[in-house]
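# Structural characterization, general
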Amino acid sequence: MAVASPRKHVYYYECSHGRFRLTYFIPPGELQRLRADNRISPQAEKDFPDGVDLDCTEANFRAFKEAYGFRPKKDPDALRRAFYAILSTTRNWKKFYGSGFIPAADLEQHVDAVDGALVQKKLLEMEVEAPRAELSLKQRRKLKHRRAMQMKQAHSVLREMRVKGIDPKRTLSQQEFSRIGMADGTRAEEVFIRLHQKQQEKE
């Protein structure tokens, strides 16, 4: 049975009481365009006939780039920070349980503003640090502790941030994001849930 997948790039989210999983989805039509522009290996279309669902993590983005020659334009950690800022702006976000789609442009437009706020407060390091292998054990421990403290402070800033265009009186699923055109077939949310369940069974 055909999948009722979005016609354009979207992010799929699964939220559970303040925690979330964010997935970048490349629909079949977009894969064809990327291949036609020589931006992705033709093998990707063969391996993902229903589209690519790519977890927003550095490891997954890097692995996909190595396998198929394509990497989404936005940093996965930056995307997660922007999504967290959006989520924590919404009503009862700590109790929210649900899943859905956000158009790629609707999420990506907030990345620079969110990271800019963290950079201003010196909670996001933009400089390149020495490879961890070159650091002593004491230095690695100190770095790990510093990053943990920065992350805790960054999350506090993101929770206090009010994202433009997000209504704090509505839950995440009630927000008015851009319309998402869908292909005919089985609801994509059901397919994503099955895929994630299978992936979790393997882990």
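Residues numbered from 1 in each chain as written. Predicted model: local features only at pLDDT ≥ 70, side-chain atom pairs only at ≥ 80, totals over all residues. Heavy atoms only, no water.

Since the α-helix packs 3.6 residues into each turn, any two residues three or four apart lie on the same face. What helix α3 (residues 58-68) keeps buried is the set Phe 61, Phe 64 and Tyr 68. Take α3 and look down its axis: the buried residues cluster within an arc of 65 degrees, on one side only. Packed against the buried residues of α3 are α2 (43-47), β4 (52-55) and α4 (76-89). (Buried < 20%, exposed > 50% of the residue type's maximum accessible area, 1.4 Å probe, protein only. Helix = DSSP H or I, 4+ residues; strand = E, 2+ residues; numbered from the N terminus. Arc of directions from axis to C-beta. Contact = heavy atoms within 4.5 Å.)

Moving on, we come to the packing of aromatic side chains. Evaluated as defined, the whole model comprises nine aromatic pairs. On the numbers, 5.5 Å between centres and 70 degrees between planes, the contact of Phe 48 with Tyr 68 is edge-to-face. Of this pair, Phe 48 sits in the loop between α2 and β4 while Tyr 68 sits in helix α3; the two residues are 20 residues apart in sequence, bridging distant segments of the chain. Counting every residue linked through ring pairs, the aromatic cluster contains Tyr 13, Phe 20, Phe 83, Tyr 84 and Trp 93. (Phe/Tyr/Trp six-rings, centres within 6.5 Å; stacked < 30°, edge-to-face > 60°.)

What follows concerns unusual backbone geometry. You will see that Asn 38, though not glycine, has its phi angle at about 60 degrees, which is positive. The residue Asn 38 is located in the loop between α1 (28-36) and α2 in this model. Of note, Lys 122 is a non-glycine position whose phi angle comes to about 60 degrees, a positive value. Along the chain, the position of Lys 122 falls in the loop between α6 (111-120) and α7 (137-160). Given a relative accessible area of 70%, Lys 122 falls into the exposed group.

A separate point is the nonpolar core. Core analysis: the biggest nonpolar cluster contains 43 residues, and Leu 22, Phe 83 and Leu 107 have the highest contact counts within it. Ranked by residues supplied to this core, first place goes to α4 with eight residues. Those residues in contact with Phe 83 that sit more than four places away from it in its chain are Tyr 13, Cys 15, Phe 20, Leu 22, Ile 102, Leu 107 and Leu 172. (Core = buried A, V, L, I, M, F, W, Y, C linked by side-chain atoms within 4.5 Å.)

Attention now moves to the side chain of Asp 106. With respect to the helices and strands, Asp 106 occurs in helix α5 (residues 104-108). No salt bridge is formed by the buried Asp 106; its nearest oppositely charged neighbour, Lys 8, is found at 11 Å. Separated by 2.7 Å, the side chain of Asp 106 and the backbone nitrogen of Ser 178 make a polar contact. (Lys, Arg positive; Asp, Glu negative; His and termini not counted. Salt bridge = Lys/Arg side-chain N within 4 Å of Asp/Glu carboxyl O. Polar contact = N/O pair within 3.5 Å; in protein donor to acceptor, adjacent residues only side chain to side chain.)

A sheet is described by the order of its strands in space; here four strands give the open sequence β4-β3-β2-β5, paired in antiparallel fashion. Every other strand in the sheet has two partners, leaving β4 and β5 (97-103) as the edge strands with one partner each. For this sheet the average axis-to-axis angle between neighbouring strands, irrespective of direction, equals 25 degrees. Note: strand β2 (residues 10-16) against β5, seven bridges, orientation antiparallel. Residue Tyr 11 lies in a different strand from β5, and its bridge partner there is Ile 102. Where α4 meets the sheet, it contacts β2, β3 (19-26) and β5, and its direction lies at approximately 125 degrees from that of β3. (Pairing = 2+ DSSP bridges. Axes fitted to C-alpha atoms, helices over the stretch in contact; angles between N-to-C directions.)

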